[in-house]
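Residues per chain, in single letters:
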Amino acid sequence: MTKLILYGLEASPPVRTAKLTLAALGVPYEFVEVNTLAKENLSEAFLKKNPQHTVPTLEDDGHFIWDSHAISAYLVSKYGKNDNLYPKDLLQRAVVDQRLHFESGVVFANGLRSITKPLFASGLTTIPRERYDAIIEIYDFLETFLKGQDYIAGSQLTIADFSIISTLSSLEAFVDIDPAKYTRVTAWVKRLEQLPYYEEANAKGARTFTEIIKKTNFKFAS
Ligand SMILES: N[C@@H](CCC(=O)N[C@@H](CS)C(=O)NCC(=O)O)C(=O)O
């Protein structure tokens, strides 16, 4: 097997999705830090690897793959001993894919990035109220998805859990998850926290992300 290289910054949620997938598969890899906050992703060398300049980017045998969802699906399909994390069964896979698209378009783009982009790019520390509402809507959706099931796409752990927990554990830097209102989400988070690789692959980076956010002294507009 050729050596895999994961480029990224640990504080980045989608980078942590890729780390969780690699850890779950037990696949060895090298982690090369690309600090997006210091704009290292805009260097000529990195743009050759990924012209969209996003992290995570995975290098496998001279091929470059980016977007955490594509990376995770690729890794399971290529290196998984079975298809549990990304089922081949069409209906099960459709649910996993739906959750991955939900993470990409709603949780990450409409939830997290619509706050972090203006916060870091223009230093706007007063966040519009509708951004708070968008996060609450995401928590509500997740509580609904988890009705009658232990994992986000059904009865077993999949890459959809990795994708959503990485961003959810970062959204908490902005809005706490009320354990009384979101009982199923709270139980699901606790379930994932039990994974032996969770601390190293997600919790550590999520704490760093939270520290960075707290330092901005952001507040939601009333
Ligand atoms: N949908 C992408 C999002 C990747 C993304 O936007 N990553 C951020 C860091 S959290 C980034 O690379 N930002 C720098 C840039 O877009 O130039 C994924 O899941 O990989």
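Residues numbered from 1 in each chain as written. Predicted model: local features only at pLDDT ≥ 70, side-chain atom pairs only at ≥ 80, totals over all residues. Heavy atoms only, no water.

The chain carries the name Glutathione S-transferase 1-like in an unreviewed UniProt entry, which gives Drosophila kikkawai as its organism.

1. So, the UniProt feature "domain: GST C-terminal" (unreviewed entry) in the chain
UniProt marks residues 89–212 with the feature "domain: GST C-terminal" (unreviewed entry), using the numbering shown here. Helix makes up 71% of residues 89–212 and strand makes up 2%, while its end C-alpha atoms are separated by 41 Å. (UniProt positions renumbered as here; feature names shortened; annotations may be inferred. Helix = DSSP H or I, 4+ residues; strand = E, 2+ residues; numbered from the N terminus.)

2. A closer look at the nonpolar core
Counting 68 residues, the largest nonpolar core has Y139, F174 and W188 as the members making the most contacts within it. Counting residues per element, the ones that place at least two in this core are strand 1 (4–8), helix 1 (13–25), helix 3 (68–79), helix 4 (90–121), helix 5 (129–145), helix 6 (159–171), helix 7 (183–193) and helix 8 (198–215). Per-domain counts for this core show at least three residues from each of domain 1 (4–79) and domain 2 (90–220). Setting aside its immediate chain neighbours within four residues, W188 contacts L146, D150, Y151, I152, D161, I164, I165 and L168. (Core = buried A, V, L, I, M, F, W, Y, C linked by side-chain atoms within 4.5 Å. Buried < 20%, exposed > 50% of the residue type's maximum accessible area, 1.4 Å probe, protein only. Domains from an automatic or database assignment. Contact = heavy atoms within 4.5 Å.)

3. Brief notes about the sheet that holds strand 4 (residues 63–66)
Strand order across the open sheet formed by 4 strands is 2-1-3-4, with mixed pairing between neighbours. Two strands bound the open sheet, and with one partner strand each, they are strand 2 (29–33) and strand 4. For this sheet, the mean angle separating the axes of adjacent strands, direction not counted, is 25°. Pairing between strand 1 and strand 2: 5 bridges, direction parallel. Looking across to strand 2, one finds that L6 is bridged to F31. On top of the sheet, helix 1 reaches strand 1 and strand 2; it is set at about 155° to strand 1, its chief contact. (Pairing = 2+ DSSP bridges. Axes fitted to C-alpha atoms, helices over the stretch in contact; angles between N-to-C directions.)

4. Brief notes about the packing of aromatic side chains
Aromatic ring pairs are described here by two measures, namely the spacing of the ring centres and the angle between the planes. Tallied over the full model, the rule gives 10 aromatic pairs. Taking 5.8 Å as the distance between ring centres and 90° as the angle between the ring planes, the aromatic pair formed by F102 and F141 counts as edge-to-face. Taken together, the residues F102 in helix 4 and F141 in helix 5 connect sequence positions 39 residues apart. Given a relative accessible area of 7%, F102 falls into the buried group. Aromatic pair Y139 and Y182: ring centres 5.6 Å apart, planes at 75°, arrangement edge-to-face. With a gap of 43 residues between them, Y139 in helix 5 and Y182 in the loop between helix 6 and helix 7 connect regions that are remote in the sequence. Each member of the aromatic cluster is reached from another via a ring pair, and the members are Y132, F174, F209, F218 and F220. Here the guanidinium or amino end of R93 rests over the ring plane of Y86, the centre of that ring lying 3.7 Å away. R99 extends its terminal NZ or CZ atom over the ring of F145, reaching a point 4.2 Å from the ring centre. (Phe/Tyr/Trp six-rings, centres within 6.5 Å; stacked < 30°, edge-to-face > 60°. Lys NZ or Arg CZ within 6 Å of the ring centre and 35° of its normal.)

5. Observations regarding the site of the ligand
Taken together, 13 residues form the shell around the ligand, and within it N41, H53, V55, D67 and S68 come nearest. At 2.9 Å from an oxygen atom of the ligand is found a main-chain nitrogen or oxygen belonging to V55. In this structure, an oxygen atom belonging to the ligand sits 3.1 Å away from a side-chain N or O atom of R113. Here the ligand, which alone exposes 510 Å², has 83% of that area covered by the protein. Breaking the shell around the ligand down by element, the ones donating at least two residues are helix 3 and helix 4. A class-by-class count of the residues in the shell around the ligand yields 4 nonpolar, 7 polar and 2 charged. (Near = heavy atom within 4 Å. Polar contact = N/O pair within 3.5 Å; in protein donor to acceptor, adjacent residues only side chain to side chain. Areas by Shrake-Rupley, 256 points an atom, 1.4 Å probe, with all protein chains shown as cover. Nonpolar A, V, L, I, M, F, W, Y, C, P; charged D, E, K, R; others polar.)

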